[in-house]
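Each chain is listed here by its residues.
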Amino acid sequence: MTTAHGHSALRPEQATIPAGHPWNRVPVISAGCALAGVAACAILGAANPKQFFFSWLVSFMFFLSLALGALFFVLIQYASQGGWGIVLRRIGETAFAMLPVMAVLFLPLLLGLHELYSWTVPGAAEHDALLRWKAPYLNVPFFLIRAALYFTIWCVIALLYYRGSRAQDVTGDPGISARLRRFAGPAIIVLAVTQTFASIDWIMSLTPHWYSTIFGVYFFAGSFVGFIALLSIVAPAMRRAGLLDTVITAEHLHDVGKLLFGFTAFWAYIAFSQFFLIWYANLPEETIWYKARLEGSWTTISILLMAGHFGIPFFYLMGRTVKRRDWALAVGGAWLLVMHFVDLYWQVMPTLHPEGVRPSALDVAAFVSIGGCFVAAATWLIRRQALVPLRDPRLAESLAFENA
Amino acid sequence: MGLLVNRLPPGPYYGILAEFATPADLYHACEHVRDAGFTRWDAHTPFPVHGLEQAMGLPRSPLPWIVLGMGLTGAALGFILQWWVHAAAYPLVISGKPYFSWPAFIPITFEVSVLFAALGAVFGMLALNRLPMHHHPLFRSKVFEQVTDNAFFISIESWDPRFDPSATGQLLESLGARSVELMESE
């Protein structure tokens with residue numbers, strides 16, 4: 001129907017976590033988990049530092065990709081002046097507000113550069129013509145400068161959009177939306193470029209001889225699937241917890257499900273394109289990356305990704321009913337979030353364990369450490385803020401939204 | 001489907017055509033016609049009226065299933081065609097790959113699947129709408145010429161079990177129809 005729904009605005013108390021709600025305890029619980037995780041990392045990692053750094057890298061890239069996916073989700077809504085997703089925007093804003101936290105969680109990796117990236121070992125390029133040729137880009141000082149640049153840019157964009165949205169809650173100034181919309185286009189371009197180079201630096205250079213020009217897009221596709229999958233879990237979970245249960249409707253979940261379905265197919269398209277060209281051209285310096293992943297037990301993970309990151313969710317999410325039922329969408333989201341982790345694990349770990357899949361307790365410890373920090377900080381942040389942008393000029397449109 | 005089933009009601013009357021002044025009038029009239037239990041009827045508007053399918057009580061279209069079936073058929077045919085050409089009928093070594101190199105088949109499998117799904121969508125839609133239909137009894141109504149312009153109509157066909165030439169007309173009048181017309185068959 002058109003506009004006659006009677007939703008005009010929300011009262012702040014409808015959109016905040018009430019005192020005494022169980023979710024108020026999540027920050028403390030998560031922080032406790034993070035502390036336990038860090039302790040486990042310290043104990044186990046001391047014995048096996050190489051495994052620790054690789055495990056940390058996988059989990060770091062996982063949570064970083066969720067925050068970057070969230071930033072893209074919000075920017076694209078500003079740029080397109082989208083109305084439907086306003087009630088979901090603060091979930092995205094909270095996730096990308098974790099980028100400064102991720103910058104701190106990046107620091108442990110700097111202690112293990114030699115363990116992770118063979119090209120950083122002094123003298124690595126001496127007898128290696130290809131590494132010598134790549135040295136103007138692949139050298140430690142420039143690597144550090146770039147990392148600092150990525151995090152500075154991401155934190156500036158995140159802060160700009162987070163503070164703008166929060167300021168609008170107070171002032172109700174529609175000019176804030178207009179200003180943030182003007183920045184959104186350029187910000188998306190900057191985000192795309194920095195995200196591309198970050199994925200090259202932190203994942204692709206694990207195999208320094210290898211290169212794939214589509215790798216940045218591959219990382220982006222995974223990160224966006226990751227965030228939408230997270231959204232598919234968080235939005236239904238909030239409804240079940242009695243938060244925004246009348247605000248987020250099946251119509252909003254339906255659109256989240258469409259994005260999840262669409263970008264699952266997009267991920268498959270990009271992942272296959274990368275594989276296909278390398279497989280067909282059959283150039284040794286390119287095929288080496290896939291060769292490592294099509295040997296031994298890594299083959300199983302490769303097949304799992306084809307079926308689990310594409311085939312199964314593609315058919316599962318195709319129908320309308322699944323997207324509109326909160327628990328069914330959350331099941332799809334949880335499945336894809338796991339697959340997104342497996343995807344990153346499969347990108348990183350064969351460098352450490354070319355002989356086959358070797359799960360480690362440090363994988364769990366690093367995941368709990370970083371995930372605990374991420375969840376603790378995010379839930380601590382939403383405790384103090386409205387769960388939707390209360391005075392966004394398009395809020396009424398989002399509240400009344402229906403799929404045609 | 002349009003070619004196989006009877007598209008127009010038999011008998012002396014096609015049905016009743018009622019004109020409404022505004023989309024809101026039409027919307028409410030549709031709700032009443034739906035609740036009165038009519039099944040063979042339609043609404044005609046110059047532009048899409050949001051939510052009208054709920055007001056009419058229309059079931060969801062079976063078109064998505066047709067598209068899915070056609071897409072899967074296309075994918076299977078595309079894949080089997082390439083397997084047959086490359087591995088069975090005329091095996092050639094191409095760039096040192098095995099005859100049955102399935103990754104090389106994926107782009108064409110995808111394309112044929114999209115082609116079949118798109119054809120299924122277009123022709124499935126036409127068939128479900130009983131199109132093409134070159135003439136329709138409603139076209140003989142003078143007021144119906146405004147249906148693409150500024151008028152809103154409900155037509156109830158005579159083969160609806162609840163259809164009655166006079167009672168149905170009175171119902172539509174009571175729902176605020178600006179004019180009610182009993183349409184004869186060809």
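This is a predicted model, so every value here is computed, not measured.

Caption draft 1: Representation of the overall build of chain B. When its secondary structure is counted, chain B shows five helices and four strands. Helices and strands appear in chain B in the N-to-C order β-α-β-α-α-α-β-α-β. Taken over the C-alpha trace, chain B has a radius of gyration of 24 Å; the compact-globule value for 186 residues is 16 Å, which it surpasses by more than 25%. Projected onto its principal axes, the C-alpha positions of chain B cover 80 × 30 × 30 Å. In chain B, which comprises 186 residues, the share counted as buried stands at 23%.

Caption draft 2: Summary view of the overall build of chain A. Within chain A one finds 16 helices and zero strands. In summary, chain A has a C-alpha radius of gyration of 22 Å against a globular reference of 22 Å for 404 residues, a match within 12%. Each principal axis of the C-alpha atoms in chain A carries an extent, and together these give about 70 × 40 × 40 Å. Taking all 404 residues of chain A together, 42% fall into the buried category. Sequence separation of at least 24 residues holds for 84% of the intrachain contacts in chain A that already meet a minimum separation of 6.

Caption draft 3: Up close: helix α5 (residues 167-174) of chain B. All names here are of chain B. Turning to α5, its buried residues number three or more, namely Thr168, Leu171 and Leu172. On an axial view of α5, the arc spanned by its buried residues comes to 95°, and they lie on one face. What points out from α5, more than 90 degrees from its buried face, is the exposed set Ala167, Gln170 and Ser174. Its buried side turned inward, α5 meets β1 (13-20), β3 (152-157) and β4 (179-184). Just downstream of α5 lies Gly176, where phi reads positive at about 100°.

Caption draft 4: Region of interest: the domain arrangement of chain B. Domains assigned within chain B are domain 1 (13-60 + 132-184) and domain 2 (63-128). Each of domain 1 of chain B and domain 2 of chain B was reduced to a C-alpha centroid, and the two centroids are 43 Å apart.

Caption draft 5: Seen up close, the sheet that holds β3(B). Residue and element names in this part refer to chain B. With respect to topology, four strands assemble into an open sheet ordered β2-β3-β1-β4, the strand pairing being antiparallel. The strands lining the two open edges of the sheet, one partner per strand, are β2 (41-44) and β4. Taken over all neighbouring pairs, the strand axes of this sheet differ in orientation by 20° on average, direction set aside. Judged from the six bridges that link them, β1 and β4 form a sheet pairing that is antiparallel. Bridge assignment links Tyr13 to a residue of β4, and that residue is Glu184. Relative to β3, helix α1 (residues 23-35) is tilted by about 20°, and along the sheet it contacts β1, β2 and β3.

Caption draft 6: View of the packing of helix α2 (residues 49-79) of chain A against helix α14 (residues 326-348) of chain A. Residue and element names in this part refer to chain A. Where α2 meets α14, the axes come as close as 9 Å, and the angle between the chain directions of the two elements is 140°. In this view, α2 runs oblique relative to α14, as classed from their interaxial angle. As α2 runs across α14, the sense of the crossing is right-handed. For the pair formed by α2 and α14, the contact residues are Phe54, Leu57, Val58, Met61 and Phe62 on the first element and His340, Phe341, Leu344, Tyr345 and Val348 on the second. Residue composition of the contact of α2 with α14, grouped by class: nine nonpolar, one polar and no charged.

Caption draft 7: Looking closely at the confidence of the model for chain A. Of all residues in chain A, 98% have pLDDT values of 70 or greater, and the mean over the chain is 94. Segment residues 1-7 of chain A: pLDDT under 50, and nine contacts once partners within four positions in sequence are set aside and those in other chains are kept.

Caption draft 8: Highlighting the environment of Ile382(A). Along the chain, Ile382(A) turns up in helix α15 (residues 361-383). Dropping the residues within four chain positions of it, Ile382(A) is found in contact with Ile17(A), Thr94(A) and Leu387(A).

Caption draft 9: Spatial organisation of the nonpolar core. In this structure, Ala67(A), Leu71(A), Ala95(A), Phe96(A), Met98(A), Ile228(A) and Val388(A) are the most contacted members of the largest nonpolar core, which totals 112 residues. Those residues in contact with Ala67(A) that lie beyond four places of it in its chain are Ala95(A), Phe96(A), Met98(A), Leu99(A) and Met102(A). In this structure, Ile16(B), Ala18(B), Phe38(B) and Leu172(B) belong to the second largest nonpolar core, which totals 25 residues.

Caption draft 10: Layout of the pairing of β2(B). Residue and element names in this part refer to chain B. Here β2 shows a clear split, with Trp41 and Ala43 buried on one side and none of Asp42 and His44 buried on the other. Direction of pairing for β2 relative to β3: antiparallel, over a ladder of four bridges. Note that in β3 the partner of Ala43 across the bridge is Ile154.

Caption draft 11: Here's a closer look at the packing of helix α8 (residues 174-202) of chain A against helix α9 (residues 215-240) of chain A. All names here are of chain A. At a minimum axis separation of 8 Å, α8 and α9 run at an interaxial angle of 105°. Classified by the angle their axes make, α8 and α9 are roughly perpendicular. Contact residues: α8 offers Ala192, Gln195, Thr196, Ser199 and Ile200, while α9 offers Phe215, Gly216, Phe219 and Phe220. Class assignment of the residues belonging to the contact of α8 with α9 gives a composition of five nonpolar, four polar and no charged.

What counts, and at which threshold
Residues numbered from 1 in each chain as written. Chains lettered and ligands numbered in written order. Predicted model: local features only at pLDDT ≥ 70, side-chain atom pairs only at ≥ 80, totals over all residues. Helix = DSSP H or I, 4+ residues; strand = E, 2+ residues; numbered from the N terminus. Rg over C-alpha atoms; globule rule 2.2 N^0.38 Å. Buried ≥ 20, exposed ≤ 12 C-beta atoms within 10 Å, placed from the backbone. Contact = placed C-beta atoms within 7 Å. Arc of directions from axis to C-beta. Domains from an automatic or database assignment. Pairing = 2+ DSSP bridges. Axes fitted to C-alpha atoms, helices over the stretch in contact; angles between N-to-C directions. Parallel < 35°, antiparallel > 145°, perpendicular 65-115°, else oblique. Left-handed = near helix turned anticlockwise from the far one by under 90°. Nonpolar A, V, L, I, M, F, W, Y, C, P; charged D, E, K, R; others polar. pLDDT = per-residue confidence, 0-100. Core = buried A, V, L, I, M, F, W, Y, C linked by C-beta atoms within 7 Å.

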